[in-house]
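# Examination of the molecular architecture
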Amino acid sequence: MQQHPHTSRRRTGRLAGLTAALAAVVGLSTLTGPGAHAADNPYERGPAPTESSIEALRGPYAVSQISVSRLSATGFGGGTIHYPTTTTDGTFGAIAISPGFTALESSISWLGPRLASQGFVVFTIDTLTTVDQPGSRGDQLLAALDYLTQRSLVRNRVDSSRLGVMGHSMGGGGSLEAAKTRPSLQAAIPLTPWNLDKTWPELRTPTLIFGADGDSIAPVASHAEPFYNTLPSSLDRAYLELNNASHFTPNTSDTTIAKYSISWLKRFIDNDTRYEQFLCPLPRPSLTIEESRGNCPHTS
C-alpha cells in the first residue's frame, strides 16, 4: 500500500510550511509512478491497479524486445524477450510462453508486450518443431527460463526465484508439465490446454486454467475441466471458461485473458495482494465468461 509522506510537526514559520508542503508534493509524485512499491513487499511493481489498468492494451512500463536466434538457443526454438526498459525498479519476475501444436511464436506474441508492460520479463518462444508434444514443450519452457536467467542479455533484470509459465493448446499442456517438473515455479497459466494426461494431483504451483465453451479441439469436458478438478484442493487454483470462444481465442489479443492472467501473475509471482480483488470473489458469468471456479481467498 502507498504511504503518504510524513510532514514535519514543526511549524516555525511560513518558509518551513512551504518547504514541508513542497516535500509532500514531491513525495506523492514519486510514489505514484511505475517504480512505486510497498515497503512490506519488495516484489511489488507499478502503481495500484484498477479495472481499466489491467484491461488496457499497455501497462505503465515502456517495453523493449530482444530476438533470440534458434541457433543461439539450447533446448528450445528461440523466440523474443519482452522486458521493461527501466533500470530503477530492481529485478522483475519472468514468464515463458509456448505456442500450440503446428503453431509458431507469432500465435502467442501478443502476450509479450502486454504482460511485460505490467512489470514482467516475458519470453515468447518457438518450439524445436511445430509438432512437439506437451512433455517436450514443458521441457522447452524450462529451458527458455534457464536461458533467460542464465545467458540472456537481460538476465540481470530477472529475479530467478520468481518465474512462471504459460502456453496455448499443447503449449498449455506443456505448462502443466513444466510445473510438475519444477515445483518452484510461482505460477502456471494453461490457455485452452491439451494433454493426454488428465490428472495433475502432484502440482504445487498456483495454476489458472482457461477453457473455451466452443472448443472442439480440446473440449473442456475432456481437457481443461479434468485438469482443474484433479489439482490438489489445497492448491491456489482457478478455472475460467471463456464464453462464445474457440480453441484459438488465445491466439489473438483478448482482454479477458489478459486481465485475469495479469492478476494471477501479479498475485503469485510478485506476491502482490493488490490484485486479489480481481480474482476473489470469483468472476461472475458475463458476455465473455461462461463460468469460473476456484478457491477464495488465496492462501499462498
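The paragraphs below set out a description of the structure included in this document. Remember, predicted model here, so these are calculated numbers, not experimental data.

## Observations regarding the overall build of the chain
Scanning the chain from terminus to terminus reveals seven helices and nine strands. For the chain, the residues scored as buried account for 54% of the 300 residues in total. Put simply, 68% of the contacts in the chain that link residues at least 6 apart link residues at least 24 apart.

## Comments concerning the nonpolar core
Ranked by size, the top nonpolar core spans 39 residues in total, and within it Phe76, Ile81, Val121, Phe123 and Leu148 carry the most contacts. Mapped by element, the contributors of at least two residues to this core are β1 (63–68), β2 (79–84), β3 (92–98), β4 (120–125), α4 (134–150), β5 (158–168), α5 (170–181) and α6 (224–229). The element that contributes the greatest number of residues to this core is α4, accounting for seven residues. Ignoring any residue separated from it by four or fewer positions in sequence, one finds Ile81 in contact with Ser64, Gln65, Ile66, Val68, Val121, Val122, Phe123, Tyr147, Leu148, Ser152 and Val154. Among the nonpolar cores identified, the runner-up in size contains 33 residues, and Leu111, Leu115, Tyr260 and Ile269 belong to it.

## Describing the sheet that holds β5
The mixed open sheet is built from nine strands, whose spatial order is β1-β2-β4-β3-β5-β6-β7-β8-β9. Each edge of the open sheet carries a strand with a single partner, namely β1 and β9 (289–294). The average angle at which neighbouring strand axes cross in this sheet is 15°, direction not considered. Where β1 and β2 come together, six bridges link them in antiparallel fashion. The residue of β2 that forms the bridge with Val63 is Pro84. Strands β3, β5, β6 (187–191) and β7 (207–212) of the sheet are contacted by α5, whose axis makes an angle of about 145° with β5.

## Things to note about the pattern of salt bridges
According to the stated counting rule, one finds 12 salt bridges in the structure shown. Glu291 is the partner of Arg293 in a salt bridge, and the nearest nitrogen-oxygen pair spans 3.0 Å. Three or more residues are tied together by salt bridges with common partners; here these are Asp159, Arg162, Lys266 and Asp270.

The rules we used
- Residues numbered from 1 in each chain as written.
- Predicted model: local features only at pLDDT ≥ 70, side-chain atom pairs only at ≥ 80, totals over all residues.
- Heavy atoms only, no water.
- Helix = DSSP H or I, 4+ residues; strand = E, 2+ residues; numbered from the N terminus.
- Buried < 20%, exposed > 50% of the residue type's maximum accessible area, 1.4 Å probe, protein only.
- Contact = heavy atoms within 4.5 Å.
- Core = buried A, V, L, I, M, F, W, Y, C linked by side-chain atoms within 4.5 Å.
- Pairing = 2+ DSSP bridges.
- Axes fitted to C-alpha atoms, helices over the stretch in contact; angles between N-to-C directions.
- Salt bridge = Lys/Arg side-chain N within 4 Å of Asp/Glu carboxyl O.

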